[in-house]
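Architecture and fold: a report
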Amino acid sequence: QVQLVESGGGLVQPGGSLRLSCAASGLTFSSAAMSWYRQAPGKERELVARIRSTGGSTNYAESVKGRFTISRDNGKNTVYLQMNSLKPEDTAVYYCKALSWREYWGQGTQVTVSS
């Protein structure tokens, strides 16, 4: 079956950096569009960034443009989210999503930005 496993979350001070990883199995990763979403307490889940299957096109939420970078390694079946200049408002559970013939979601990884 399809599995998406996120890692790399944790506690970081404002202005710091983290790199999230999402390892996929059970699907043709190179054909799947990949996205990162996040959900803060009491808020709806929101799209953070997405990348096409070829990696040639990316989109970002306005709130993270210039700070976050999504990338993928189709040889490793992994998508990444490099997060720089983190702010307290980036605190959330971050989820990986794969879109092939249907959607698949990971379990999420907690990111906490606090001094």
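Residues numbered from 1 in each chain as written. Predicted model: local features only at pLDDT ≥ 70, side-chain atom pairs only at ≥ 80, totals over all residues. Heavy atoms only, no water.

The next thing to look at is the side chain of Glu6. Among the secondary structure elements, Glu6 is positioned in strand β1 (residues 3-7). Polar side-chain contacts of Glu6 include one of 2.8 Å to the backbone nitrogen of Cys96. Among the polar contacts made by the side chain of Glu6, one reaches the main-chain amide nitrogen of Gly108 at a distance of 2.9 Å. When sequence neighbours within four positions are dropped, the list of residues in contact with Glu6 reads Ser21, Cys22, Trp36, Tyr94, Tyr95, Cys96, Gly106, Gln107, Gly108 and Thr109. (Helix = DSSP H or I, 4+ residues; strand = E, 2+ residues; numbered from the N terminus. Polar contact = N/O pair within 3.5 Å; in protein donor to acceptor, adjacent residues only side chain to side chain. Contact = heavy atoms within 4.5 Å.)

The strand order across the open sheet built from four strands is β1-β3-β8-β7, with neighbouring strands paired in antiparallel fashion. Strands at the two margins of the open sheet, each flanked by one partner only, are β1 and β7 (68-73). Going across the sheet, the axis of each strand differs from the next one's by a mean of 15°, ignoring polarity. Pairing of β7 with strand β8 (residues 78-83) involves six bridges; the strand directions are antiparallel. Bridged to Phe68 within β8 is Met83. (Pairing = 2+ DSSP bridges. Axes fitted to C-alpha atoms, helices over the stretch in contact; angles between N-to-C directions.)

The next point concerns unusual backbone geometry. Phi angles above zero are rare outside glycine, and Asn77 is one such case at about 55°. With respect to the helices and strands, Asn77 occurs in the loop between β7 and β8. If you check the backbone angles, Ser85 has positive phi at about 50° while not being a glycine. Looking at the element boundaries, Ser85 is found in the loop between β8 and β9 (92-99). Take Ser85: its relative accessible area is 41%, and that puts it in the partly exposed class. (Buried < 20%, exposed > 50% of the residue type's maximum accessible area, 1.4 Å probe, protein only.)

Evaluation of the coordinates by the stated rule reveals one aromatic pair. Stacked on the ring of Trp105, the Lys or Arg Arg45 has its end atom at 4.7 Å from the ring centre. Geometry around Phe29 places Arg72 over its ring, the cationic atom sitting 4.5 Å from the centre. (Phe/Tyr/Trp six-rings, centres within 6.5 Å; stacked < 30°, edge-to-face > 60°. Lys NZ or Arg CZ within 6 Å of the ring centre and 35° of its normal.)

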